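So the chains spell out like this:
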Amino acid sequence: MSSRTSPISQPVTIRRAVARDAKRLTRLVRGSGAYEGKYAAAVAGYRVGPDYIEAHRAFVAVGADDPGGRILGFYSLVLAPPELDLLFVADDVQGRGIGRLLVAHMQSEARAAGLDRVMVVSHLPAEDFYHRVGAVRIGTALANPPAVPWDRPEFEFRIPSE
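Chains are numbered independently. Their residues run from 1 in the order of the written sequence. Residue-level local features of this predicted model are given only where pLDDT is at least 70; pairs of side-chain atoms are given and counted only at 80 or more, and the full residue set underlies all totals for whole chains, interfaces and linings. To obtain the side-chain values, all non-hydrogen atoms of the structure were used and water was disregarded.

So, the pattern of salt bridges
Salt bridges, as used here, are contacts in which a Lys or Arg side-chain nitrogen is within 4 Å of a carboxyl oxygen on Asp or Glu. Scanning all chains against the criterion turns up eight salt bridges. When the shortest N-O distance is used, the salt bridge between aspartate 21 and arginine 15 registers 2.8 Å. Judged by its relative accessible area of 0%, aspartate 21 falls in the buried class. Here arginine 158 and glutamate 156 are joined by a salt bridge, their closest N and O atoms 3.2 Å apart. Throughout, exposure labels follow a simple rule: accessible area from a 1.4 Å probe, protein chains only, divided by the maximum for the residue type, with under 20% read as buried, over 50% as exposed, and the rest as partly exposed. Residue class for arginine 158 comes out partly exposed when judged on its relative accessible area of 45%. Counted as one network, the salt bridges with shared partners bring together Arg15, Asp21 and Arg24.

Given below as C-alpha cells:
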C-alpha cells in the first residue's frame, strides 16, 4: 500500500483554528502541490491571517496525540452566503481520509448553523475529490483574470437535517 493511499496511521483531532495557526495555514496553502506550475500564481501571495481565522469558522486537523503540533489540513466555512471557502490537506498525507474527515466536520458545522446547502468553487485538480465526498456539480465559475485565468467547477454540498 503506498503512503498516498494508506489509511490514517494515527487518530486525528479537528479543532477550531486560532490566531497562532495563521502562518502554518498560509504555508499549507502556498506549499500545496495542487498549485504548482500554471496554478502557482493563484496562491503566491495568499495569506490566511488571524483576522480571517476570527471572521470565519476555520478548523484544523491535527494528530490526536499532538494537538498543538503539525497541522495536517484545514477548512474554512463562510456562513453568509454558505460557502466552503478553503480546504487544504498537506501533500504528504493526502489519500488517507483527512480531507473526508474535514468535509464531514464541515457538514456537521453547517447543519448546526442551520444551513441546508454549502457551495464550493473547486480548484480544477480537486474536482474528483469533491465528487468522491458527495458534492454535486451545479455550474462553472468563469475565469477572473489576472487572479484566476481559468474556469472552475462549482459544487454544492446538500446538508440533510438530522
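From this point, the discussion proceeds with the structure in view.
Some words on helix α3 (residues 98–112)
Helix and strand definitions here come from DSSP, where helices need a minimum of 4 consecutive H or I residues and strands a minimum of 2 consecutive E residues; each element is numbered from the N-terminal end. Expected helix span is computed as 1.5 Å times (number of residues minus one). Here α3 is 15 residues long and its end C-alpha atoms lie 21 Å apart, about the 21 Å a rise of 1.5 Å per residue gives. Those residues of α3 lying buried are Ile98, Gly99, Leu102, Val103, Met106, Gln107, Glu109 and Ala110. At the exit of α3 stands glycine 114, carrying a positive phi of roughly 85°.

Regarding the environment of methionine 119
Structurally, methionine 119 is set in strand β5 (residues 117–121). For the pair formed by methionine 119 and proline 81, sequence separation is 38 residues and the distance between their alpha carbons is 8.5 Å. Those residues in contact with methionine 119 that sit more than four places away from it in its chain are Pro82, Glu83, Leu84, Ile138, Glu154, Phe155 and Glu156. Residue contacts are defined here by distance: any two heavy atoms, one from each residue, within 4.5 Å place the two residues in contact.

Digging into the confidence of the model for the protein
A residue's pLDDT is simply how confident the predictor is in it, with values from 0 to 100. On average, residues of the protein carry a pLDDT of 91, and 93% of them reach 70 or more. Within the protein, no element has a lower average pLDDT than strand β1 (residues 12–16), which sits at 95, and none a higher one than β5, at 98. Per-residue pLDDT stays below 50 along residues 1–6; that stretch engages in eleven contacts with residues further than four places along the chain or on separate chains.

Brief notes about the packing of aromatic side chains
Two rings belonging to Phe, Tyr or Trp (six-membered ring only in the last case) form a pair when the distance between their centres is within 6.5 Å. Interplanar angles under 30 degrees mark stacking, angles over 60 mark edge-to-face geometry, and anything in between is tilted. Per the stated rule, a full pass over the model turns up seven aromatic pairs. Taken together, a centroid distance of 4.8 Å and an interplanar angle of 80° make the contact between tyrosine 39 and tryptophan 150 edge-to-face. Here tryptophan 150 lies in the loop between β6 (136–141) and β7 (152–158) and tyrosine 39 lies in the loop between α1 (22–30) and α2 (50–55), a separation of 111 residues in the sequence. Note on accessibility: tyrosine 39 and tryptophan 150 belong to one class, buried. Between the aromatic rings of phenylalanine 129 and tyrosine 130, the centroid separation amounts to 5.3 Å while the plane-to-plane angle is 70°, which identifies the pairing as edge-to-face. An aromatic cluster is defined as three or more aromatic residues linked by ring pairs; in this entry it consists of Phe129, Tyr130, Phe155 and Phe157.

Some thoughts on the layout of surface pockets
Definitions used throughout: a 1 Å grid over protein atoms alone; a cavity as a set of points that fits a 1.4 Å probe which cannot get out; a pocket as an open set with protein on both sides within 12 Å along at least five of seven lines; a lining residue as one with an atom within 4 Å of a point. Grid points are joined across faces, edges and corners, and a volume is the space filled by probe spheres set on the points. Each pocket or cavity is described by its volume, and for the largest pocket that value is around 1000 Å³. Around the largest pocket, the lining is made up of 39 residues, and of these Tyr35, Leu87, His123, Ala126 and Tyr130 lie nearest the centre. Elements supplying a minimum of two residues to the lining of the largest pocket: β4 (83–89), α3, β5 and α4 (127–132). Counting residues per element, the lining of the largest pocket draws most heavily on β4, which supplies seven residues. When residues are grouped by polarity, Ala, Val, Leu, Ile, Met, Phe, Trp, Tyr, Cys and Pro land in nonpolar, Asp, Glu, Lys and Arg in charged, and all others, Gly among them, in polar. Classifying every residue of the lining of the largest pocket by side-chain character gives 21 nonpolar, nine polar and nine charged.

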